[in-house]
Amino acid sequence: MAPIREVPMWTEETRLRHDRSGLRYTHDLTDEEWAEVEPLIPSAKPGGNKRTVNIREVVNGLMYILGTGCQWRDIPKNLPPRSTLHDYLDRWSYDGTLEDIHHALYIKCREQAGRQASPTAAVIDSQSVKSAEKGGPASIRLAMMQGRKSKARSGISSSIPPAC
């Protein structure tokens, strides 16, 4: 069994690094966080109109929605419009930008914790297996919909007439 590492609690350095009191919203990105994310954001498409929206504000708006769980219609007025935020969320979800950002930050967090970039072990429970059977990552948008019961798993077949 691997030895348990002693993890230091809050220090003055960690308190300063995680202090969000100077930000407009607690979910806004700090300059350091933005420096990590900005290179992963795709540039505007060539040949189109110049980008007029502040991309950092778009990311801050998405973080606000994800962090607070607010309704799209309740986004504060000093963030980009909900249609803009939704468009970027949809676009970045489709083109893999969100997955790229998550992966880069995931690796950085693991390395900061003194771990290898890729995990060497995994724990799979029965709930994870049930989720995977319903469609995995492709069904994230449908996560709130009730799953259908599989006829194959329940032993019911439409080719067998019911007993009279």
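Predicted model only: the values in this text are computed from it and were never measured.

## Structural notes on the side chain of Thr97
Now for step 1: Along the chain, Thr97 turns up in helix H5 (residues 97–112).
Now for step 2: Apart from the residues within four sequence positions on either side, Thr97 is in contact with Leu40, Ile41, Pro42 and Trp92.

## Re the nonpolar core
Now for step 1: Within the largest apolar cluster, 18 residues are counted, with the highest numbers of intra-cluster contacts made by Trp34, Ile41 and Trp92.
Now for step 2: Mapped by element, the contributors of at least two residues to this core are helix H2 (31–37), helix H3 (55–68) and helix H4 (82–95).
Now for step 3: Here this core takes six residues from H3, the largest share from any one element.

## Points about the packing of aromatic side chains
Now for step 1: A complete count under the given rule lists two aromatic pairs for this structure.
Now for step 2: Between Arg91 and the ring centre of Tyr88, over which it is positioned, the NZ or CZ distance is 4.9 Å.

## Here's the deal with H3
Now for step 1: Its 14 residues give H3 an end-to-end C-alpha distance of 20 Å, which sits within 8% of 20 Å, the value for a rise of 1.5 Å per residue.
Now for step 2: The set of residues buried in H3 consists of Ile55, Glu57, Val58, Val59, Asn60, Gly61, Leu62, Tyr64 and Ile65.
Now for step 3: For H3, the elements touching its buried residues are H2 and H4.
Now for step 4: Measuring from the backbone nitrogen of Arg56 back to the side-chain oxygen at the start of H3 gives 3.0 Å, which picks out Asn54 as the cap.

## A closer look at H5
Now for step 1: If you check H5, its first and last C-alpha atoms are 23 Å apart, about what 16 residues at 1.5 Å a residue would give, namely 22 Å.
Now for step 2: Along H5, the residues classified as buried are Thr97, Ile101 and Arg110.
Now for step 3: Contact partners of the buried residues in H5: H2 and H4.
Now for step 4: Just beyond H5, the residue with positive phi is Gly114, at close to 80°.

## A closer look at the side chain of Thr30
Now for step 1: Position of Thr30 relative to the elements: it lies in the loop between helix H1 (12–17) and H2.
Now for step 2: Beyond its immediate stretch of four places on either side in the chain, Thr30 contacts Arg20, Leu23 and Arg56.

## Side note on the pattern of salt bridges
Now for step 1: Per the counting criterion, the structure on display carries five salt bridges.
Now for step 2: Here Glu57 and Arg24 are joined by a salt bridge, their closest N and O atoms 2.8 Å apart. Remark: Arg24 occurs in the loop between H1 and H2 and Glu57 occurs in helix H3; sequence separation between them is 33 residues.
Now for step 3: Two residues, Asp87 and Arg91, come together in a salt bridge whose shortest N-O distance is 2.7 Å. Placement of both Asp87 and Arg91 in helix H4 is noted, with a separation of four residues, approximately one turn of the helix.
Now for step 4: Given a relative accessible area of 36%, Asp87 falls into the partly exposed group.
Now for step 5: What you see here is one network of salt bridges that share partners, running through Arg24, Asp28 and Glu57.

Criteria and cut-off values
Residues numbered from 1 in each chain as written. Predicted model: local features only at pLDDT ≥ 70, side-chain atom pairs only at ≥ 80, totals over all residues. Heavy atoms only, no water. Helix = DSSP H or I, 4+ residues; strand = E, 2+ residues; numbered from the N terminus. Contact = heavy atoms within 4.5 Å. Core = buried A, V, L, I, M, F, W, Y, C linked by side-chain atoms within 4.5 Å. Buried < 20%, exposed > 50% of the residue type's maximum accessible area, 1.4 Å probe, protein only. Phe/Tyr/Trp six-rings, centres within 6.5 Å; stacked < 30°, edge-to-face > 60°. Lys NZ or Arg CZ within 6 Å of the ring centre and 35° of its normal. Expected span 1.5 Å × (residues − 1). Polar contact = N/O pair within 3.5 Å; in protein donor to acceptor, adjacent residues only side chain to side chain. Salt bridge = Lys/Arg side-chain N within 4 Å of Asp/Glu carboxyl O.

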